[in-house]
Every structure is written in C-alpha cells, then in structure tokens.
Amino acid sequence: MPIRVKSRPLATPDRALSPIHNHTDTRLPDIAHKDTFRDVVKKLSIYIAEVVCMPSTFEQLRTTSAGDDLRILVEHLSDRVTNPAIVNALLALRWHYGAINDGRGVSDARANACEIVAWRFLTRLSEREVVEFCLYEIPDSYQEDNLSLSDEELAADGGESNERTALLANIPRPISPDRCSGHNPTGSSRRSQLFKSVSKLTMSRHTSDAEELDNDPTAPFTHLNALEIAAIADAKRFLSQHVVQQIITGIWNGEIIFWDRLSVHSVKKPRFYNPNTADPFSRLRVPKYLKAYEVAFFIGFLMLYYSVLVGQNRYTITPLEILLYIWFAAFFYDEVSEYIDAGSVFYAADVWNLFDMIMIAIGIVFAVLRFVGLYKGDYTLVDIAFDVLSLEALFMVPRVCSVLSLSPYWGTLIPCLKEMGKDFLKFMVLVVIVYFGFLTTFSLVGREVYAFPHMAMIVTKIFFGSSYVGFDIMEDIDPIFGPPLMLIFVTLSSILLMGSLTGMLSNSFSRVITHAREEYLYVYSVYVLEASTSNRLTHFYPPFNLIALGIFRPLRLFLPSTSKLRQGRILLLRATHAPIVGVIQVYEWLTKKVNPDGYDNFRGPQQSSMKRTPAPPLDRPDSRPQSGYRPRSSVSRPTGAETISKPKPRQQPPEDYAGEAPSDVEVQISELSAKIDRLTALVVALQSGAGIETIRT
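To keep things clear, this report deals only with the structure shown in the data block. (Residues numbered from 1 in each chain as written. Predicted model: local features only at pLDDT ≥ 70, side-chain atom pairs only at ≥ 80, totals over all residues. Heavy atoms only, no water.)

A look at empty space enclosed by the protein
Part 1 of the argument: On inspection of all chains with the given rule, the structure shows 5 cavities of 30 Å³ or more.
Part 2 of the argument: Lining of the largest cavity is provided by 14 residues; of these, Asp350, Trp352, Ser405, Leu406 and Val523 occupy positions nearest its centre.
Part 3 of the argument: For the lining of the largest cavity, the secondary structure elements donating two or more residues are helix H19 (408-445) and helix H23 (516-532).
Part 4 of the argument: Per-element accounting of the lining of the largest cavity gives the leading share, 4 residues, to H23.
Part 5 of the argument: The residue inventory of the lining of the largest cavity, partitioned by class, reads 9 nonpolar, 3 polar and 2 charged. (1 Å grid on protein atoms, 1.4 Å probe; cavity = no way out; pocket = protein on both sides within 12 Å on 5 of 7 lines; lining within 4 Å. Points joined across faces, edges and corners; volume = space filled by probe spheres on them. Helix = DSSP H or I, 4+ residues; strand = E, 2+ residues; numbered from the N terminus. Nonpolar A, V, L, I, M, F, W, Y, C, P; charged D, E, K, R; others polar.)

So, unusual backbone geometry
Part 1 of the argument: Residue proline 543 is bonded to the preceding proline 542 through a cis peptide linkage, with omega at 5°.
Part 2 of the argument: Structurally, proline 543 can be placed in the loop between H23 and helix H24 (544-555).
Part 3 of the argument: In this structure, histidine 223 takes a positive phi of about 70° despite not being glycine.
Part 4 of the argument: Position of histidine 223 among the secondary structure elements: in the loop between helix H10 (187-203) and helix H11 (226-232).
Part 5 of the argument: Residue histidine 223 is classed as buried on the basis of its relative accessible area, which comes to 7%.
Part 6 of the argument: In the Ramachandran plot, aspartate 234 falls in the positive-phi region, its phi being about 60° despite a non-glycine side chain.
Part 7 of the argument: Secondary-structure assignment places aspartate 234 in the loop between H11 and helix H12 (236-239).
Part 8 of the argument: Owing to a relative accessible area of 34%, aspartate 234 belongs among the partly exposed residues under this scheme. (Buried < 20%, exposed > 50% of the residue type's maximum accessible area, 1.4 Å probe, protein only.)

A few points about helix H18 (residues 393-400)
Part 1 of the argument: Taken together, the buried positions of H18 are occupied by Met396, Arg399 and Val400. For H18, the buried positions fall inside an angular range of 95° around the axis, keeping them on one side. (Arc of directions from axis to C-beta.)

Some thoughts on the packing of H24 against helix H25 (residues 562-576)
Part 1 of the argument: Axis separation between H24 and H25 bottoms out at 11 Å; the angle between their running directions is 160°. One element, H24, and the other, H25, form an angle in the roughly antiparallel class. Our pair here, H24 against H25, has a crossing hand that is right-handed. Contacts between H24 and H25 involve Phe544, Ile547, Ala548, Ile551, Phe552 and Leu555 from the first element and Leu565, Gly568, Arg569, Leu572 and Thr576 from the second.
Part 2 of the argument: Counted by class, the contact of H24 with H25 contains 8 nonpolar, 2 polar and 1 charged residues. (Axes fitted to C-alpha atoms, helices over the stretch in contact; angles between N-to-C directions. Parallel < 35°, antiparallel > 145°, perpendicular 65-115°, else oblique. Left-handed = near helix turned anticlockwise from the far one by under 90°. Contact = heavy atoms within 4.5 Å.)

Some points on the layout of surface pockets
Part 1 of the argument: Approximately 780 Å³ is the volume attributed to the second largest pocket.
Part 2 of the argument: Considering the residues around the second largest pocket, the lining is formed by 40 residues, among which Asp334, Ser337, Glu338, Asp341 and His539 are closest to the centre.
Part 3 of the argument: Elements that contribute at least two residues to the lining of the second largest pocket include exactly helix H14 (287-310), helix H15 (319-347), helix H16 (352-376), H23 and H24.
Part 4 of the argument: The element contributing the most residues to the lining of the second largest pocket is H15, with 9 residues.
Part 5 of the argument: Tallied by class, the residues present in the lining of the second largest pocket amount to 16 nonpolar, 7 polar and 17 charged.

A closer look at a nonpolar patch on the surface
Part 1 of the argument: Taken together, the side chains of Phe332, Val336, Tyr339, Ile340, Ile364, Val368 and Val372 define a hydrophobic patch exposed on the protein surface, amounting to about 540 Å² of accessible area.
Part 2 of the argument: Only H15 and H16 provide two or more residues apiece to the nonpolar patch.
Part 3 of the argument: Among the structural elements, isoleucine 340 can be located in helix H15. (Patch = residues over 30% accessible without salt bridge, like charges linked within 9 Å, V, L, I, M, F, W, Y side chains within 5 Å. Areas by Shrake-Rupley, 256 points an atom, 1.4 Å probe, with all protein chains shown as cover. Salt bridge = Lys/Arg side-chain N within 4 Å of Asp/Glu carboxyl O.)

Structural notes on the side chain of arginine 569
Part 1 of the argument: Within the fold, arginine 569 resides in helix H25.
Part 2 of the argument: A polar contact of 2.9 Å, which involves the side chain of arginine 569, links it to the side chain of threonine 538. (Polar contact = N/O pair within 3.5 Å; in protein donor to acceptor, adjacent residues only side chain to side chain.)

Regarding helix H5 (residues 106-123)
Part 1 of the argument: Here H5 contains 18 residues, and its C-alpha end-to-end distance of 26 Å stays within 8% of the 26 Å for a straight helix at 1.5 Å per residue.
Part 2 of the argument: Along H5, 17 of the 18 residues are buried, which leaves the element largely enclosed by surrounding structure. (Expected span 1.5 Å × (residues − 1).)

Considerations on the pattern of salt bridges
It is possible for side chains of opposite charge to pair when their charged atoms get near one another.
Part 1 of the argument: Going through the model one piece at a time under the given rule, you end up with 16 salt bridges.
Part 2 of the argument: Of the charged contacts in the structure, one is a salt bridge between arginine 71 and aspartate 68, with a shortest N-O distance of 2.8 Å. Pair noted here: arginine 71 and aspartate 68 are both in helix H3 (residues 68-80), with a separation of 3 residues, about one helical turn.
Part 3 of the argument: By relative accessible area, arginine 71 is classed as buried at 9%.
Part 4 of the argument: Residue class for aspartate 68 comes out partly exposed when judged on its relative accessible area of 30%.
Part 5 of the argument: Arginine 271 is the salt-bridge partner of aspartate 260, the closest N and O atoms lying 3.2 Å from each other. Here arginine 271 lies in strand E3 (residues 271-272) and aspartate 260 lies in the loop between strand E2 (256-257) and E3, a separation of 11 residues in the sequence.

Quick word on the packing of aromatic side chains
Part 1 of the argument: Counted by the stated rule, this structure contains 27 aromatic pairs.
Part 2 of the argument: When the centroid spacing of 4.5 Å and the interplanar angle of 40° are considered together, the rings of tyrosine 293 and tyrosine 541 count as tilted. Highlighted residues: tyrosine 293 in helix H14 and tyrosine 541 in the loop between H23 and H24, separated in sequence by 248 residues. Each member of the pair, tyrosine 293 together with tyrosine 541, is buried.
Part 3 of the argument: An aromatic cluster is built from Phe297, Phe298, Phe301, Trp327, Phe328 and Phe331, whose rings are joined through pairwise contacts.
Part 4 of the argument: Lysine 236 extends its terminal NZ or CZ atom over the ring of tyrosine 522, reaching a point 5.2 Å from the ring centre.
Part 5 of the argument: Stacked on the ring of phenylalanine 258, the Lys or Arg lysine 268 has its end atom at 5.8 Å from the ring centre. (Phe/Tyr/Trp six-rings, centres within 6.5 Å; stacked < 30°, edge-to-face > 60°. Lys NZ or Arg CZ within 6 Å of the ring centre and 35° of its normal.)

Describing the nonpolar core
Part 1 of the argument: Leu91, Leu122, Leu227, Phe238 and Phe301 are the most contacted members of the largest nonpolar core, which has 128 residues in total.
Part 2 of the argument: No other element matches H14, which puts 11 residues into this core.
Part 3 of the argument: Excluding anything up to four places from it in sequence, phenylalanine 238 contacts Val87, Leu91, Glu115, Ala118, Trp119, Leu122, Leu227, Ala230 and Val244.
Part 4 of the argument: Formed by 25 residues, the second largest nonpolar core is a distinct cluster that contains Phe442, Ile473, Ile477 and Phe489. (Core = buried A, V, L, I, M, F, W, Y, C linked by side-chain atoms within 4.5 Å.)

Next up, the structure:
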C-alpha cells in the first residue's frame, strides 16, 4: 500500500549556500562632490564590508550573481556621484583589504570587489573623464579648506606655484620646493604609513570627524593619484585593464603631459599635448624620450668603460678615465634624484634599478682602490681596482639592453625570472644545510687522507654533477663509512635535490606565466609613472645634472627666493638641452608626416559634455540606465583652458570588459558557475516552498 508523506515547510537557512547573498536592505553610500578623501573611504568601506561577507574569487565577483551588489554600486556611482576621489578611495581600500589575512578569504574578496568596482566605474566614463579620475591627486588639508575660492581670488594671487604643486590644483600653497622631500617618508616607512592610515579610516567609520582633526589619517596619501595608489597596492588587474593602459600609453608617448611650459609660474596638472601651444622643452619629460636618452647614455658609458679597461694606465689617470668618473658621478646623482622623487616604493618595483645600484657600488669601490693605490704607490692595489672595474660589464651590458624589457615578449620573461630567482634562493637554504652536513662528516671521517679545502672542492664537484668523483674516492675516505655515506650524498644531491629544484622552478614559471601579462603591464606602468609624475619642473639629463648641482646647490645658501632659483634652472636647462630638444622636434615632425593624427588618440569631440540625465532614486538601486555611459554635469569639476575638457557621451565598452577575450577555461568556469547558481536558487526555492508532497512506493 503506498504511503503518502507530507513534509513540513523548511525554514529558510540563515546562510546562503553559495557566495551569493542579496543585500536588499543595504544603503548605498551617499557621496557628495565636496566630500574629502577621508569621507569617501569611510562611506565606501561601510558598503563593501556589508555586501561582501563571504569568500569569493575574482571571477565569481565578476561573472556570477555574487557581484550583483557591486554592479548596483557601480550604477549608483556612475549615476549620482561626481566626487573626483572615487577611484583613489577604492584602490586605497583594495590595498587595505588585500594586506589583511583573516584566514577565511573575506578580505581577499573585498579587495577584489574594490578593484572590480574601480575599473568598471572607469569603463562608464569618456576617455577624458578617465584621465581626470585616474590622475586626480589627493589634495592636502590646506587645499581642501580653500576649494571654495573663486577664480577671481585665484587670479589675484598670480597663479604662482612651486615644483611640488599637485595635479589639477589651482590653489597657491605657501611651501618650499623641498617640502615633500623633507616631510614625506619613502620606502617601507611610507608604505607602512599608508597602510596604517587606511586602517584608521576603516576602523573609525563610526567616529566623528572632530576626533580626527588633530591627526588626519589621510595625510600620507597627499599628492598621490589613483594610478600611483594602484601601483603601491599591487592592483595589477586594475592596471592591466585596457581603459587604464590607454592612459599609461598616452603618458608614455607624450600625448598626456603634466608640464606644458617652462616658466616660474608653471602649474603641474594633466593635460593633452598641443604642439601648437606647448613649450618644446616640455617634451624632455616624456618617458619615451627619457628612455631613448637613457639608452644613449649607457652606450656612451659602455664605450668609455671599454676604452679605460683596454688602455688601462697603472701610473696616471688619463683624460678618458676622468670622463668616466664624470659619467659615474652624473649617473649616481641621477639615481639619487630619481629615488628621492619616486621613493623606494616605485624605485624598487623596477628590477633594473637594482642593476644601477650595483653598478654604482662597483664604481665607488673602483675609484677608492684606484686613488688609494696611486697615492701610496701600491700598483698591486691598482691592478685589483681594474679587476673590480671589470665586474661592471656583468651589469652594464644587460643595462644597455634593458630597453628590450619594454617589449611584451621580453617584458613577460623578466617577472618569471624574478620569481624563479626568489624560489631558488629559498630552496638553496636547504641545499646549504645538506651540503655543510655532509662536508663536515666527510672532512672528519677522511681527515687523515684529505684536507678540509680539498674535501670541500670534492663535495662541490659531486654536488654539481660529477658523481663519479665521489665513487672513485669513497674507499679512500673510509672503507666502512665512506661507500654508504657517499651513496646517500650522491642520491640526495643528484637525484632528490636537483629533481625537486627543477620541479619547483617549473611550477614557479607556470604560476607566473599565467599572469605574465599583468606582471609585465604592472612593471611597465610603474616605469611610466616613475618617469612622468615627478614634481620637479626642471629635470636635467646626465651629465648636465652635474652642472645644475654645482651651480644651484651652493646658491641656495645665498638666494632665499625660490623663484629666482627656478628661473635660473630654466635658463640653464634651455641652454644645455637645446640640441636634445631639436632632435625630439625633428623626430616628432617626421612622425607627424607619417601619422598626422598621432596626437588625437585621446581627443574625442571638442565640445563640452551635456548635462546629466535624471538619476534613479536611491530607493530603487536596481534601476539601470539605458546606456553604459552617463553624461556628467559640466559644473561638477572646474574647467579651464588647460584642463581636460569633457567630451560628448559616447558608447563605452560593456562593464564586464576585462581587457582581453576570455580563454576556453574561463568560459567553462563561467558556465559552471552559472549552473551552480541556478541549482542553488532551485534548492532554496524548494526548501522555502509551501510544502512538498512525495509518493513513495
């Protein structure tokens, strides 16, 4: 007889069965245009912390319903928010969450969410607005307190600024050019301060602003733009997006510049290059030309190096050697200036800077040994000095060819070699432990036959593959312990350790090559930012930088007026770099003949943007605009003759554009995730239904 079973309706589970969780009651952040960077970070962190509460991968947040709340946030930001610090705040939060290890993966999910929202928000903007958001520098408290000044008040001040003026800043600031270098720390201390500042912001989301007035936690982020924060935060997916790489490429080619004229009252801010109005000497700051001159400088360096070594004079210093010392000094001063301007956060990201430091160290050792040897008449020491100088070729020759790292092929291999080198050094710790253990044993057992240096050489030969040497002498070491110990050592060194090392390096290569494009674009982006975002108006190429050092550094003690010093540096720059500028002008003239539209990649329509369409109300977060792009109000940000104007709205790439076409594996993963979501929804619907009747026979 069939049994009829009627099950009771099951209660809805408190936790979702997948990373999908609907936050219908989550309030979207209300961000005003005049909100400070601190307020924007607080409001965004509250929303991100509420909607991302379960571990999710980057692809789940990007392709599945787990990222629905992020899409709603992007819609809200693109429709209602015009605050220029949006991207800066999202990337700062990405760094904060990425540095936290909670053991569950929630912090990583929140870091991925911030990165996704940042680049999806940019895909809804015009190219000019993308440049504006990405190159917006966080102002200091003085600028924020004076944002309400009118244009007439600014014009009354004469528009004077110094070499530390922030991008897009039109507020005069009474500070010296050395303010930032003297008060803003660099390196690990700067990174630590940045992380602590974001941590204070997220931990103090519910505190009042009055409690933070005495110690502003956003101070370390002052004068950093969104791209610089992305580089510090290792937001490699964000930097590898097509919309961001357009800006990086524009800066590299000189289509986007920060200084358009050399004068005492020049203001640093991003703008599109106009060859009809820009000062030709402003092209000296273009990263492409900086790299070309760097290659020429190292080629001259290498020629002087070979000339001194081939015709080395033990008894006197030749004119070529004096010129080599000048080249070394100019190179050293240029590296110090680059380190001070960029800080070690950016400086250490470029692997070639490590080569530069080693080259400088070798040059200093050579000069000291050379001068001491000539002073004491010790020509053996002089010979040692030239031997030390011979080591320079190990780093100088690859440094000359460092331009190849800008090629996608060679630039992809460098991150792989870097990671493999790190894993190799870690593995060598185990190798050294095993090596010294067997060396000590063999030296003590065979101490009557082989001395310690001889035994060390034998063990080294065996370790590097000469196993037959060990089998030939194992009886001589000791008739009883020699053969078994040697067999164990040969097995460990030649089979186990070497096989493990090969497999580990292969895994390292496979792991890095999967994301090699992101690694390459990250290194490339860091180099472009390092070369272009310096706050110095006048940048002297080596060896001309020694002239500026010898003239203007002593004058700082006698001329208190920074404007006079700046004017003098400008005059010296024009006098010494005129031939270089002439070559650049000829190159650009020839390039323009071949490609007349070479500087119009970012221009777009020249008209100002239309007014914004009415935004959906806050109580309807699910309403979407009909187009992926939303026009922005022309009064949302200050405009001027030199600022980036707003173009007409145009169709933008879809929000899920990830920079390149997905692979077959990604497509399969996406399809599988969609099936899992449908199955989860079906299970939840069955569990929360009115009742289920089953017939069991």
